[in-house]
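# Residue-level structure breakdown
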Amino acid sequence: MRIFHRYLVYVTKDVGRRVRYPGSVRLCNNEGRVLRLRLRYGGPFTKTGLENYVTYVALVSNDIIVSNKSIESEAFQLSPGECINFDVEYEVSGELADELDFVKLKMINDGLLSVGGFQFDVITED
């Protein structure tokens, strides 16, 4: 098992509701062989102090899903030259709006300040 690729997902904007950003992450097999892979949630890598307000964060593509609620996906195959697009989906608790001052909340809503960053690894099965 090895890390094939690492994604760092920053959560910002859209406080208080679940959102989905279609096709935000792309995974391609540029090797000359079929790969058997899994996605694994690695947790937050930032220390903003706001990460606990992210109640849900996930990478989703059809039946492949990994999230803070389901930390490892089922295995899947990727043929040489094949690519898969993943949606980024997350939910930030509305309580965050009650905790922050207007300026910080506006910076989050404008995408200038992140609530937190979360790591997702693509790991090989061989």
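Note that this is a predicted model, so its numbers are computed, not measured.

Turning next to the overall build of the chain. A tally of helices and strands in the chain yields 2 helices and 8 strands. Mapped in sequence order, the helices and strands of the chain form the string β-β-β-β-β-β-β-α-α-β. Judged by the C-alpha coordinates and their principal axes, the chain covers about 50 × 25 × 20 Å. The proportion of buried residues among the 126 residues of the chain is 44%. Expressed as a percentage of contacts within the chain between residues at least 6 apart in sequence, the contacts between residues at least 24 apart total 85%.

What follows is about unusual backbone geometry. Positive phi, close to 50°, is recorded for aspartate 14, a residue that is not glycine. Within the secondary structure, aspartate 14 sits in the loop between strand E1 (3-11) and strand E2 (18-28). Taking the relative accessible area as the measure of exposure, aspartate 14 reaches 15% and is therefore buried.

Sheet architecture is open: 4 strands sit in the order E1-E8-E3-E6, paired in antiparallel fashion. The open sheet has two edge strands, E1 and strand E6 (76-78), and neither has a second partner. Each neighbouring strand pair of the sheet contributes to a mean axis angle of 35°, computed without reference to strand direction. Taken together, the 7 bridges between strand E3 (residues 35-44) and strand E8 (residues 116-124) define a ladder with antiparallel strand orientation. Considered in E8, the bridge of leucine 37 is made with threonine 124.

Cut-offs and rules
- Residues numbered from 1 in each chain as written.
- Predicted model: local features only at pLDDT ≥ 70, side-chain atom pairs only at ≥ 80, totals over all residues.
- Heavy atoms only, no water.
- Helix = DSSP H or I, 4+ residues; strand = E, 2+ residues; numbered from the N terminus.
- Buried < 20%, exposed > 50% of the residue type's maximum accessible area, 1.4 Å probe, protein only.
- Contact = heavy atoms within 4.5 Å.
- Pairing = 2+ DSSP bridges.
- Axes fitted to C-alpha atoms, helices over the stretch in contact; angles between N-to-C directions.

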